[in-house]
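So the chains spell out like this:
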Amino acid sequence: MSVSFALTESSLLQKNAYPADELMPLSCRGRVRGQEPNRGDIDESLGKFSLTLIDTLDTLVVLNKLDEFEDAVRKAVSDVRLDNDVVVSVFETNIRVLGGLLGAHVMADLLRQRGERMQWYQDELLHMAKELGHRLLPAFNTSSGLPYPKVNLRYGVLNPLSRTGTESDTCTACAGTMILEFAALSRLSGESVFEENARKALDVLWERRQRGSDLVGTVINIHNEEWVRRDSGVGAGIDSYYEYLMKAYILLGDNVFLDRFNVHYSAIMKYISQPPLLLNVHMHNPTVSVRSWMDSLLAFFPGLQVLRGDLKPAIETHEMLYQVTKQHKFLPEAFTTEFRVHWGQHLLRPEFAESTYYLYKATGDPYYLRVGQSIVEKLNAYARVPCGFAAVQDVRTGIHEDRMDSFFLAEMFKYLYLLFSEKSQLPIDIDEYIFTTEAHLLPGLNVLDLFSHSCPSMETLFPNNPSFAKTIRDEKVLSTIKCEWVMTKYDAHICFQDQKGVYHVKLVAEIKQTPEEEEVVPHVVQLISPPFLGRTVLTAGPAKFGMDLTKREHGASPYTACGEIVNAQELRGQIALALRGDCMFAAKARRLQEAGAVGVIFIDHHEGSNSEETPLFQMVGDGYATDDIRLPLVFLFSREGAVLTAALEEHQNVDVLLLPKERQLGHGEDQRPAHSSLLVGSSLVGAFLDVPPYFPDNVEKSVGMNIRLRLAKEEVGVEGPTLEFLLSEGEALVREEEQQQFCTESSGKDPPELCSTTASSQTLSSDGRLLPAP
């Protein structure tokens, strides 16, 4: 059985986009950097080197489109330039372009050796790969060996014309995802310098792991090797670092990589993996979760677990992800542990399809073919447009973005085709290759002598027994969990599996007081000076950190705020506009606060986004405590932001209010406006007038709680489930003192009712003693 999309890479790109880097599927034209509105760090994947063409070359071979492949290689050799005066991401250029050139070279060389085609080919792609490798090498010219995150293809890093070299931080995945491509380039070209630099970067990350937990953080300083962000997980910022340790062992046969991976993996399974969830924790205190949501990039991890041979947690996590896709059609960019949308964007990421492919290879369970079928059907139903496949701006609305990243064709097509294809249908023996993180094919022992060791074969490692995976899925029954509310005071609940028999479990919950995640209180930016007079009201989203604008009102030259604040003197005492992108909201807020700004209006950098079509969200922190951020902060989508900036350009002096929507001028009697002047350029960028806290009379402020539940197997001597709340100093400790009994015989209900429950409340003192509750 095979799956194919009506639009192939060649028709999509050559008809509408070539030689641009990407296809814009809604506009039916190519995206050329500098000719379209700047999208910040997203555009650093684009280097005017026909990105999507190169990224999908070896996909054409897998799809057995050999004529199209040969034609595409000729185009790449004749047309692509790698010396453009463009600043690009070292990480993205390595995995997409260098990896694409190497994978295509391996395929071209194989076809040439067979004598059937490509007889004209003289290793041109390898020569291009070597040139690109040398253009990336200046990024490694640091005292630590950790690479700069950006490089200018023509001028390197430190050249005065390079427009880069001021960066001090890089993500763990960015520094640790070079070894496969660089080592393969060294072995194929005979120049060891590439592999040496990639190994050195990995050595630094290994040495800087937290020795107590064996975890690494998300962002590290490339000069002093200190961790900048200490949250640790398996998703964005870290993901492919772990992947490349495992795959470097497979590719190179060096036990150092396997040993390091195993140490990290044990730590992941101890602290981060709470099957079926994968949480982020603090690397120095890994028993503390730093956020209650997961990002879609961690969907690759079940596939990596398959490579390691750890099938049970792979099946459990994959099944959890599948349930999320059932609820939202696609994996949202981020989703909560309750499967709610945290960030609604879906960029057509391939990681879930990748893990589906690996699990089918390992188990032979046709269930995973049905999962793959659902992926194809949803892509065709909700992402397909006349000129390609469009990213989804928000899975809750289905609104498209004019965006189709190269990885969609490089990875998603490849994994889905391989999932539904028999080995005999493929022009290559897929088991002789290892996939890079961009799904490019690097050869194994039978093609190049790159392996000194190899992983056990699938036949040895797995029994290929479909019932094995089904048994594990049935244990979780994720799709049929039912819940009973048992403690109305704390809105706690216990879940029962909808199946025969009663399972005794222990439930442990951590409670901390936070605002409810799902409640987003709409805010507004209201223009009140002539000629607007309060009639122009822009809907804005709030932040989970900074000053609480439900208590205060504030008034507001676009600013990126991710680097050095060069006009700090002008900003002092004023309110700044800041564009979204390049770095975290909290990082921008801290920089602007340090510069003396007294408030920030963030504006979305995704062109065309607006509050009518996209649900509001709350801006979140960066994994650290945000108590130090005291600024009032709101977020405008692109269209509302354009109204504000247009008003500034036309009138130069605009008075605005920042306040909760229900308290905008003209609504309600108790209004306490704060007037603020807003100018652009080097003039005044905002004046700030403080007002006392605002609390409506007879309104009780609600307090929400985040509750983390951990299921453990029945312990010896425990006759029923025990519910414990673990709290910090000064909060109430609730412990269920009487065992809950199931009324299975008397009620006959399914799931069984809880009979009696008696709980007591106590307070935790500073010395750890339990005090009676007041």
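Residues numbered from 1 in each chain as written. Predicted model: local features only at pLDDT ≥ 70, side-chain atom pairs only at ≥ 80, totals over all residues. Heavy atoms only, no water.

## Structural notes on the overall build of the protein
Each helix and strand counted, the protein has 22 helices and 34 strands in total. Looking at the protein residue by residue over its 774 residues, the buried ones come to 57%. In the form shown here, the protein has an accessible surface area of approximately 32000 Å², with 49% of it arising from carbon and sulfur atoms. (Helix = DSSP H or I, 4+ residues; strand = E, 2+ residues; numbered from the N terminus. Buried < 20%, exposed > 50% of the residue type's maximum accessible area, 1.4 Å probe, protein only. Areas by Shrake-Rupley, 256 points an atom, 1.4 Å probe, with all protein chains shown as cover.)

## Remarks on the packing of aromatic side chains
Overall, the coordinates contain 22 aromatic pairs when judged by the stated rule. Aromatic pair Tyr 367 and Tyr 368: ring centres 5.4 Å apart, planes at 85°, arrangement edge-to-face. For the ring pair Phe 585 and Phe 602, a centre distance of 5.1 Å and an interplane angle of 70° mean the geometry is edge-to-face. Here Phe 585, found in helix α20 (residues 585-594), pairs with Phe 602, found in strand β26 (residues 599-603); they are 17 residues apart in sequence, far enough to count as distant. Take Phe 585 and Phe 602: they sit in the same class, and that class is buried. The cationic tip of Lys 75 hangs over the ring face of Tyr 18; the distance from NZ or CZ to the ring centre is 6.0 Å. (Phe/Tyr/Trp six-rings, centres within 6.5 Å; stacked < 30°, edge-to-face > 60°. Lys NZ or Arg CZ within 6 Å of the ring centre and 35° of its normal.)

## A word on the state of the cysteines
Within this structure, the stated rule accounts for 2 disulfides. Two residues, Cys 28 and Cys 387, share a disulfide whose sulfurs are 1.7 Å apart. On the sign convention where negative is left-handed, the bridge of Cys 28 and Cys 387, at about 95° about the S-S bond, is right-handed. Here Cys 28, found in the loop between β1 (22-24) and β2 (29-31), pairs with Cys 387, found in the loop between β16 (384-385) and β17 (388-389); they are 359 residues apart in sequence, far enough to count as distant. For Cys 28, a relative accessible area of 32% puts it in the partly exposed group. The disulfide partner of Cys 171 is Cys 174, and the S-S distance across this bridge is 2.1 Å. (Disulfide = S-S within 2.5 Å.)

## Here we look at the pattern of salt bridges
Evaluation of the coordinates by the stated rule reveals 38 salt bridges. Notably, a salt bridge pairs Arg 340 with Glu 338, separated by 3.7 Å at the nearest N-O pair. Note on Glu 338: relative accessible area 39%, which makes it partly exposed. Where salt bridges share partners, they join Glu 22, Arg 31, Arg 39 and Asp 43 into one cluster. (Salt bridge = Lys/Arg side-chain N within 4 Å of Asp/Glu carboxyl O.)

## A look at the nonpolar core
In this structure, Phe 69, Ile 179, Phe 182, Tyr 242, Leu 379, Phe 408 and Phe 435 are the most contacted members of the largest nonpolar core, which totals 156 residues. At 13 residues, helix α5 (residues 90-114) tops the list of elements feeding residues into this core. Not counting chain neighbours up to four residues away, the residues in contact with Phe 182 comprise Asn 94, Leu 98, Leu 136, Leu 137, Phe 140, Phe 194, Glu 195 and Ala 198. Counting residues in each nonpolar core, the second largest holds 22 residues, with Ala 595, Phe 617, Met 619 and Phe 635 among its members. (Core = buried A, V, L, I, M, F, W, Y, C linked by side-chain atoms within 4.5 Å. Contact = heavy atoms within 4.5 Å.)

## Side note on the sheet that holds strand β25 (residues 575-579)
Reading across from one edge, β25-β26-β27 is the order of the 3 strands in this open sheet, with parallel pairing throughout. Of all the strands in the sheet, just β25 and β27 (633-636) have a single pairing partner and so form its edges. Taken over all neighbouring pairs, the strand axes of this sheet differ in orientation by 20° on average, direction set aside. As paired strands, β25 and β26 are joined by 5 bridges and run parallel to one another. Across the sheet, residue Ala 576 finds its bridge partner in β26, namely Val 600. Against the sheet, α20 touches β25, β26 and β27, its axis set at about 145° to β26. (Pairing = 2+ DSSP bridges. Axes fitted to C-alpha atoms, helices over the stretch in contact; angles between N-to-C directions.)

## Overview of helix α8 (residues 179-189)
Taken across its 11 residues, α8 has 8 buried, putting it largely inside the fold. Note on α8: the residue one or two positions beyond its end, Gly 190, has a positive phi of about 85°.

## Some points on helix α4 (residues 66-79)
Between its terminal C-alpha atoms α4 stretches 20 Å, which fits the 20 Å expected from 14 residues at 1.5 Å a residue. Every buried residue of α4 is accounted for by Leu 66, Phe 69, Glu 70, Ala 72, Val 73, Lys 75 and Ala 76. (Expected span 1.5 Å × (residues − 1).)

## Points about the UniProt feature "binding site: Ca(2+)" (unreviewed entry) in the protein
The feature "binding site: Ca(2+)" (unreviewed entry), as given by UniProt, occupies Thr 437 in the numbering adopted here. By the secondary structure assignment, Thr 437 is in the loop between β18 (433-435) and β19 (441-443). Here Thr 437 falls in the buried class, since its relative accessible area comes to 16%. If we skip the residues at most four places from it in the chain, Thr 437 touches Ile 95, Thr 177, Ser 240, Glu 243, Tyr 244 and Glu 411. There is a polar contact of 2.9 Å between the side chain of Thr 437 and the side chain of Glu 243. (UniProt positions renumbered as here; feature names shortened; annotations may be inferred. Polar contact = N/O pair within 3.5 Å; in protein donor to acceptor, adjacent residues only side chain to side chain.)

## Side note on the environment of Arg 81
Here Arg 81 shows up in the loop between α4 and β3 (87-89). We classify Arg 81 as partly exposed; its relative accessible area is 49%. Separated by 33 residues in the primary sequence, Arg 81 and Lys 48 have C-alpha atoms spaced 7.7 Å apart. Residue contacts for Arg 81: discarding those within four places in its chain leaves Lys 48 and Phe 49.

## A look at the side chain of Glu 640
Here Glu 640 lies in helix α21 (residues 638-651). Despite its burial, Glu 640 pairs with no opposite charge; the closest candidate is Arg 639, at 6.3 Å N-O. Only 2.6 Å separates the side chain of Glu 640 from the side chain of Ser 611, close enough to count as a polar contact. When residues no more than four places from it in sequence are discounted, the contact partners of Glu 640 are Leu 538, Thr 539, Ser 609, Asn 610 and Ser 611. (Lys, Arg positive; Asp, Glu negative; His and termini not counted.)

## Examining the pairing of strand β24 (residues 536-540)
Counting buried positions over the 5 residues of β24 gives 4, a clear majority of the element. Relative to β24, strand β23 (residues 523-527) runs antiparallel, the two being bridged by 5 bridges. Bridge pairing in β24 places His 523 opposite Ala 540.

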